[in-house]
Amino acid sequence: MMSVLSLVLSTTAQDRFDKTVRHDSQLQVYRQKLQNGSGYYAEAERFAVRIGELLSEALIKAVKKETLIEFQKDLAAEFLTPLLRSAYETISDACKNAQLALNRKAGINLDAVKFAFPSDRAANLAEKLSSYPTTEDAMWVLGEPVVSFCLNLVDEAVRVNAEALAAAGFLPRVRRISDSATCAFCNSHAGVYVPPLKEDAFRRHERCRCLI
């Protein structure tokens, strides 16, 4: 059973997150393209980044309302996990639509594969949140790491669907496009990958926005 404080924090953040997701104009554009079959993984990535930004804002504002919080490991996990799962469900639906659109475009009569919730990544995020001596020190964990968590969900969707297509006898290609002409890391990881996919295809640095 969740503690009272973690329940309050999660409910406050979830309410704010749900409200902003419903009314965000950027999300509406991406969602419409993904639902009508004209959006692919480029739209899914932008959708996920925006979901991550809104989730981060909701988490930070919920925490700031409670000034006497010490993020013990259990509290951090109870607070974060429901919100991360909510983002996962929303983003995985977007990825499903992106993959179905690609399959139809290629004339492939296969359903999209839904990837599992990355519980280990969520646990690592909660552990990181609880590892700082004060809430103020820990607040950065609710920023870019939350956005990265959401973006990595799209990477995982690409990976599992490419591998599923390969297992079915098709020849999928995963293309990684560098986000920055001046970033040596991004440029060194750009290119075309084929299953079995190496981790290099999906490895990112902080605030990396390469398109995969």
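Residues numbered from 1 in each chain as written. Predicted model: local features only at pLDDT ≥ 70, side-chain atom pairs only at ≥ 80, totals over all residues. Heavy atoms only, no water.

A. Here's a closer look at the environment of Val 4. Take Val 4: it is sitting in helix 1 (residues 4–23). The exposure class of Val 4 is exposed, given its relative accessible area of 66%. When the C-alpha atoms of Val 4 and Leu 75 are compared, they prove to be 9.9 Å apart, with 71 residues separating the residues in sequence. (Helix = DSSP H or I, 4+ residues; strand = E, 2+ residues; numbered from the N terminus. Buried < 20%, exposed > 50% of the residue type's maximum accessible area, 1.4 Å probe, protein only.)

B. Examining the nonpolar core more closely. Counting residues in hydrophobic clusters, the biggest one holds 56 residues, and the most contacted among them are Ile 51, Leu 55, Leu 59, Phe 79, Leu 80 and Leu 129. Where this core is concerned, the elements lending two or more residues are helix 1, helix 2 (25–35), helix 3 (41–65), helix 4 (73–105), helix 5 (119–129) and helix 7 (144–167). Broken down by element, this core gets its largest block of residues, twelve residues, from helix 4. In contact with Leu 59, not counting residues within four places along its chain, are Ala 13, Phe 79, Leu 80, Leu 83, Leu 142 and Val 146. (Core = buried A, V, L, I, M, F, W, Y, C linked by side-chain atoms within 4.5 Å. Contact = heavy atoms within 4.5 Å.)

C. Fine view of the layout of surface pockets. As a volume, the largest pocket reaches approximately 670 Å³. For the largest pocket, the lining is made up of 26 residues, of which Arg 121, Ser 148, Phe 149, Asn 152 and Arg 204 are closest to its centre. Mapped by element, the contributors of at least two residues to the lining of the largest pocket are helix 5 and helix 7. With ten residues, the top contributor of residues to the lining of the largest pocket is helix 7. Taken together, the residues of the lining of the largest pocket sort by class into nine nonpolar, four polar and 13 charged. A volume near 460 Å³ is recorded for the second largest pocket. Surrounding the second largest pocket, 21 residues form its lining, Tyr 41, Gln 99, Leu 102, Arg 173 and Val 174 being those nearest its centre. (1 Å grid on protein atoms, 1.4 Å probe; cavity = no way out; pocket = protein on both sides within 12 Å on 5 of 7 lines; lining within 4 Å. Points joined across faces, edges and corners; volume = space filled by probe spheres on them. Nonpolar A, V, L, I, M, F, W, Y, C, P; charged D, E, K, R; others polar.)

D. View of the state of the cysteines. Applying the stated criterion across every chain, the model contains zero disulfides. A disulfide-free cysteine, Cys 150 has its sulfur positioned 11 Å from the sulfur of Cys 95, the nearest such atom. Here Cys 150 falls in the buried class, since its relative accessible area comes to 0%. We note that Cys 186 lacks a disulfide partner, and the nearest cysteine sulfur, in Cys 210, lies 3.4 Å from it. (Disulfide = S-S within 2.5 Å.)

E. Molecular detail of a positive patch on the surface. A surface patch of positive charge is lined by Arg 16, Lys 19, Arg 22, Lys 61, Lys 64 and Lys 65. Taken together, the elements giving at least two residues each to the positive patch come down to helix 1 and helix 3. For Arg 16, the position within the fold is in helix 1. Of the residues examined, Arg 16 reaches a relative accessible area of 37% and is grouped as partly exposed. (Patch = residues over 30% accessible without salt bridge, like charges linked within 9 Å, V, L, I, M, F, W, Y side chains within 5 Å. Areas by Shrake-Rupley, 256 points an atom, 1.4 Å probe, with all protein chains shown as cover. Salt bridge = Lys/Arg side-chain N within 4 Å of Asp/Glu carboxyl O. Lys, Arg positive; Asp, Glu negative; His and termini not counted. Charge placed at Lys NZ, Arg CZ, Asp CG, Glu CD.)

F. Summary view of the packing of aromatic side chains. Applying the stated criterion to the full structure yields four aromatic pairs. Between Tyr 132 and Trp 140, the aromatic rings sit 6.1 Å apart at their centres with planes inclined by 90°, giving edge-to-face as the arrangement. Assessed through its relative accessible area of 40%, Trp 140 is described here as partly exposed. One aromatic cluster is present, formed by Tyr 88, Phe 115, Phe 117 and Phe 149 through successive ring pairs. (Phe/Tyr/Trp six-rings, centres within 6.5 Å; stacked < 30°, edge-to-face > 60°.)

G. View of the environment of Leu 34. Checked against the element boundaries, Leu 34 lands in helix 2. With relative accessibility at 3%, the residue Leu 34 sits in the buried group. It is 6.0 Å that separates the C-alpha atoms of Leu 34 and Ala 98, two residues lying 64 residues apart in sequence.

H. Representation of unusual backbone geometry. Here the amide bond leading from Pro 195 into Pro 196 is cis, since omega sits at 0°, within 30 degrees of zero. The backbone of Arg 207 sits at a positive phi, close to 65°, despite the residue not being glycine. Of note, Arg 207 is situated in the segment after strand 2 (191–193).

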